[in-house]
Amino acid sequence: SGAGMVLSMLVILLLSVLYEVVKMGKAKVLQRALLAVPPSLSREVLAEPDEGDSGHGEHRAVQGRWFRYHVGQTLLHVVQVVVGYTVMLAVMSYNAWILLGVVTGSTIGYFV
């Protein structure tokens with residue numbers, strides 16, 4: 001029906017906007033993660049667990065912040081993948097109105 005098609009387009013449009021918002025949110029979390037880690041620390045220091053070194057409290061705090069940002073990025077990535085594949089499946093219905101909803105939603109989401 002016509003109402004069903006309009007509702008479908010609206011849902012797909014909103015999913016496309018959500019995809020773009022999550023993509024930008026992931027980039028902002030990455031930027032904050034990079035700013036939270038002092039440049040003097042190497043990737044190896046962040047990845048390796050502390051071996052009972054009590055003199056490296058700052059390193060543990062930085063590792064904790066880095067881990068929280070990494071978990072946040074991972075969760076946002078999962079949301080982005082799920083929404084992206086859902087939108088892709090909608091486009092694969094080969095319906096021009098659904099495609100228009102995806103393009104419009106992506107445009108709005110990127111603009112915002």
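Conventions used here
- Residues numbered from 1 in each chain as written.
- Predicted model: local features only at pLDDT ≥ 70, side-chain atom pairs only at ≥ 80, totals over all residues.
- Heavy atoms only, no water.
- Helix = DSSP H or I, 4+ residues; strand = E, 2+ residues; numbered from the N terminus.
- Buried < 20%, exposed > 50% of the residue type's maximum accessible area, 1.4 Å probe, protein only.
- Contact = heavy atoms within 4.5 Å.
- Areas by Shrake-Rupley, 256 points an atom, 1.4 Å probe, with all protein chains shown as cover.
- Salt bridge = Lys/Arg side-chain N within 4 Å of Asp/Glu carboxyl O.
- Expected span 1.5 Å × (residues − 1).
- Arc of directions from axis to C-beta.
- Polar contact = N/O pair within 3.5 Å; in protein donor to acceptor, adjacent residues only side chain to side chain.
- Patch = residues over 30% accessible without salt bridge, like charges linked within 9 Å, V, L, I, M, F, W, Y side chains within 5 Å.
- UniProt positions renumbered as here; feature names shortened; annotations may be inferred.

Draft legend 1. How the structure looks around the overall build of the protein chain. A tally of helices and strands in the protein chain yields four helices and zero strands. Mapped in sequence order, the helices and strands of the protein chain form the string α-α-α-α. The burial tally for the protein chain puts 22% of its 112 residues in the buried class. Here the contacts in the protein chain between residues at least 6 apart in sequence split such that 73% fall between residues at least 24 apart. With the model as given, the accessible surface of the protein chain reaches about 7900 Å², and the carbon-plus-sulfur share is 69%.

Draft legend 2. Up close: the pattern of salt bridges. Taken as a whole and assessed by the stated rule, the structure comprises one salt bridge. Here Glu20 ties to Lys23 by a salt bridge, and the two come within 3.2 Å at their closest N and O atoms. In this pair, Glu20 and Lys23 both sit in helix α1 (residues 2-36), three residues apart, roughly one turn of the helix. Of the residues examined, Glu20 reaches a relative accessible area of 7% and is grouped as buried.

Draft legend 3. Fine view of helix α4 (residues 96-111). Between its first and last C-alpha atoms α4 spans 22 Å; for 16 residues at 1.5 Å apiece the expected length is 22 Å, and the two agree. Looking only at α4, the buried set comprises Ile98, Gly101, Val102, Gly105 and Gly109. Taken down its axis, α4 places every buried residue within 100 degrees of arc, on the same side. In α4, the exposed residues that point more than 90 degrees away from the buried face are Ala96, Trp97, Thr107, Tyr110 and Phe111. Structurally, the start of α4 carries an N-cap: the backbone nitrogen of Trp97 is 2.8 Å from a side-chain oxygen of Asn95.

Draft legend 4. Seen up close, a nonpolar patch on the surface. A cluster of nonpolar side chains, Val81, Tyr85, Met88, Leu89, Met92 and Tyr94, forms an exposed patch at the surface whose accessible area comes to about 670 Å². Relative to the helices and strands, Met92 is located in the loop between α3 (57-91) and α4.

Draft legend 5. Examining α1 more closely. For α1, built from 35 residues, the straight-helix expectation of 51 Å at 1.5 Å per residue is met to within 8% by its first-to-last C-alpha distance of 51 Å. Those residues of α1 that sit buried are Met9, Ile12, Leu13, Ser16, Val17, Glu20, Val22, Val29, Ala33 and Ala36.

Draft legend 6. Local environment of the environment of Thr86. Examined against the element boundaries, Thr86 turns out to sit in helix α3. A C-alpha to C-alpha distance of 9.5 Å links Thr86 and Ser16, two positions 70 residues apart in sequence.

Draft legend 7. Broad picture of the UniProt feature "transmembrane region" (unreviewed entry) in the protein chain. In this numbering, the UniProt entry assigns the feature "transmembrane region" (unreviewed entry) to residues 6-22 and 75-97. For residues 6-22, the end-to-end C-alpha separation is 24 Å, with 100% helix and 0% strand making up the annotated structure. As a span, residues 75-97 carries 83% helix and 0% strand, and end to end its C-alpha atoms are 31 Å apart.

Draft legend 8. Layout of the side chain of Gln80. For Gln80, the position within the fold is in helix α3. For Gln80, a relative accessible area of 10% corresponds to the buried category. At 2.9 Å, the side chain of Gln80 forms a polar contact with the side chain of Lys26. For Gln80, the residues in contact, after removing those within four places along its chain, are Tyr19, Val22, Lys23 and Lys26.

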